[in-house]
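Coordinate analysis (summary)
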Amino acid sequence: MNKVRVRYAPSPTGFLHIGNARTAMFNYLFAKHYGGDFVLRIEDTDIERNVEGGEESQLHYLNWLGIDPDESPQKPGACGPYRQMERLDLYRAIVDEMLEKGYAYKCFCTAEELAEVKAIQEAQGQAPMYNRKCTHLSAEEIAEKEAAGMPYVIRVKVPEGKTYTFDDMIRGTISFESKDIGDWVIVKSNGIPTYNFAVVVDDHLMNITHVFRGEEHISNTPKQLMIYDLMGWEPPKYGHMTLIVNENKKKLSKRDHSIMQYISQYDESGYLPEAMFNFMALLGWSPEGEEEIFSKEELIAQFSEHRLSKAPSVFDVNKLKWVNAQYIHKMDSDAFYAHALPYLKAAIENPDIDLKALCAIIQPRIETFGEIKDAVDFFNALPSYDNALYTHKKMKTNAEIALASLKLVVPVLEKQEEWSNEALYETLCAIAKEHALKNGQVLWPVRTALSGKERTAGGATEIAFLLGKSETIKRLQQGIAQLEAA
C-alpha cells in the first residue's frame, strides 16, 4: 500500500456539525492507524453560501476534538494551496486539457432553454438529462458566441456504454451506468468549478489514497470516477458511512432540537473533548470486545475500516452523557478543579464557600460541567420551595416529621463545636438514634431546609459544612418557620 493520505474537505458554509466532525474523525483514525497523513482542505467555491467564521469554526473545533491535520491552510505542505479558491489555475489547466481532447465542451444554452427541454422530457416520462445541443456547435459558432459575450458553462461529454464500478470499503461493490448520467457541468458560468470536478482534481493532485464520507455522496461517485477514467488517473478507495439518526431513527436535521447539532454547542454545554471524541468514534464503528471507554491513542490502535457499520448510527444523548461522566469522574481532582472553576465562579457569589471542597462533592455527581450551575446555585441563596419536598417515601418522612426533626436539630447544632462533615454526620445520626428515628428522617429534612431542592450535589452534612454554622442555623430556622406557617 502506498502511504495512506486522507482528507477532510469541509465548505465554510456553516460551523462544524456532528456529521462532518465524525467524517473528519474516521478519516483521521484511519490515517493514523496506518501511519498516514490527514489533510484538511477548504472547499470554499460556493461563495454565496460561505458564512463569516465558518472556516475558523471548522479549524478551532477540530483542534478542540484533538483532530490535528498534517497539512492545512495553516500548515501547508507540498500539495497546496489548501483552499479551492486559491487553486483556480490548477482547475483551468485540467479543463483546458479536457476541452482539447474532446472530453468536455462549452454549453451556451440558457436557463430558459434548459427548463423547456426538461419539461418536455418529464412530460414524456423520461429522466431529465441535457440533450447535447451544444456538442454540435462548430469552432466558428463557438468563437462567435464567445465574441458576443454569451455566458457559457463547460460540460463533460459522458462516454457511452460505460459501467463505473467501485468496491466500497463499507458497502461492497457498487455500479453505475453512463447512460443514466447526463452531460454534467464541470465549470459554472462564473468560471468556478463544480464540486464533482474540483474534488477529483484536488484528490488527484494531493495524492489522496482513501476517502471516507457520508452515504449521501454515493450518487456523486460515478461522476467523479468518470473524470478519473477520462484523465487516466487512479481513483482513491471510497468508503461511504451511514447516516447518523436520532433516537426515533430519523436523519439528523437542523430543525431537530432534541439533539445539539454543532460541536461548539457541546463545548459550551460543558462536555469534555476527549469524551466527545470517544463517543463519536462509536457512531458507526464498533471495537472488538465490550469496552466503550477509549483514549485517542487506543482508538487509533484499534481502528479498522472493516468494523465500520452498514446500519444507521443512533445518536444517543444519554449515552453521550454517560461517556462524559466517565471522563469527569476519573479526572485528577486538581484537573477537575481547574476545569470546573470558571463554571463555579459564574455560579457562586458567596465568597465564604470553599470551592475546592465543593468540587470534591460535585465531581462524582455531575455528567457535564454545564450542570454545575444548577447543582450549586442554592449556595448563593436559598430558593423558594414547596413543603412537599419534605415528603420522601424512601426516607419515611413528611412535613410533620420534618418539622419535629428540625426542631430537634437546631438547638444541638447551635452548641456544635467541631464543624466538619464527619462530626456533623455523627451528630445528626445520634439525634435520630436518641429519638427513635431513621437516619433519613433527620438527614432528609435538614438537606431540604438547607438547599430547597429535591436533588443536590452533596448530602445534608456536606452542605452544612460548606455553608458554615451561621448560615446553616439560619436556613434550618427558616425551614421551621415555613413548616409552621403551612
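Check the entry above for the structure.
Residues numbered from 1 in each chain as written. Predicted model: local features only at pLDDT ≥ 70, side-chain atom pairs only at ≥ 80, totals over all residues. Heavy atoms only, no water.

Considerations on unusual backbone geometry
Applied cut-off: Numbered from the N terminus, helices here are DSSP runs of H or I no shorter than four residues, and strands are runs of E no shorter than two.
Here the residue pair glycine 80 and proline 81 is connected by a cis peptide bond, since its omega of -5 degrees sits within 30 degrees of zero. Within the secondary structure, proline 81 sits in the loop between α2 (54-65) and α3 (88-101). With phi around 60 degrees, asparagine 207 is a residue other than glycine that occupies positive phi space. By the secondary structure assignment, asparagine 207 is in the loop between α6 (195-205) and β8 (210-214). One non-glycine residue, lysine 396, adopts positive backbone phi at about 55 degrees.

Let's talk about the pattern of salt bridges
Rule in force here: We define a salt bridge as a side-chain nitrogen of Lys or Arg found within 4 Å of a carboxyl oxygen belonging to Asp or Glu. The buried label goes to any residue with under 20% of its type's maximum accessible area, the exposed label to any with over 50%, and the partly exposed label to all in between, with areas taken from a 1.4 Å probe on protein chains only.
For the coordinates displayed, the defined rule picks out 27 salt bridges. The salt bridge partner of glutamate 97 is lysine 101, with a shortest N-O separation of 2.7 Å. Of the two residues, glutamate 97 and lysine 101 both sit in helix α3, four residues apart, roughly one turn of that helix. Among the residues examined, glutamate 97 registers a relative accessible area of 28% and is labelled partly exposed. Residue classification places lysine 101 among the partly exposed residues on the basis of a relative accessible area of 46%. Within this structure, Arg7, Arg41, Glu43, Arg87, Asp202 and Asp203 form a network of salt bridges that share partners.

Side note on the nonpolar core
The nonpolar side chains of soluble globular proteins are, as a tendency, buried together. Under the convention used in this document: Only buried Ala, Val, Leu, Ile, Met, Phe, Trp, Tyr and Cys residues count toward a nonpolar core, and they belong to the same one when joined by side-chain atoms within 4.5 Å.
The biggest cluster of nonpolar side chains holds 103 residues, and the ones touching the most others in it are Phe315, Leu358, Val376 and Phe379. With nine residues, helix α1 (residues 18-33) is the single largest residue contributor to this core. Ranked by size, the runner-up nonpolar core spans 36 residues in total, among them Cys79, Val187, Ile208 and Leu230.

A few points about the packing of aromatic side chains
The condition is simple: Here the aromatic set is Phe, Tyr and Trp, taking the six-membered ring for Trp, and pairing holds for ring centres within 6.5 Å; pairs whose planes are under 30 degrees apart are stacked, those over 60 apart are edge-to-face, and all others are tilted.
Across all of its chains, the model carries 17 aromatic pairs by this definition. Taken together, a centroid distance of 6.1 Å and an interplanar angle of 70 degrees make the contact between tyrosine 61 and tryptophan 64 edge-to-face. With tyrosine 61 and tryptophan 64 both in helix α2 and three residues apart, the pair spans about one turn of that helix. Residues tyrosine 61 and tryptophan 64 agree in their burial class; the two are buried. Aromatic side chains phenylalanine 279 and phenylalanine 315 sit 5.0 Å apart centroid to centroid with 80 degrees between the ring planes, which places their arrangement in the edge-to-face category. Of this pair, phenylalanine 279 sits in helix α9 (residues 273-281) while phenylalanine 315 is found in the loop between β11 (313-314) and α11 (317-329), placing the two residues 36 residues apart along the sequence. The two residues phenylalanine 279 and phenylalanine 315 agree in class, both being buried.

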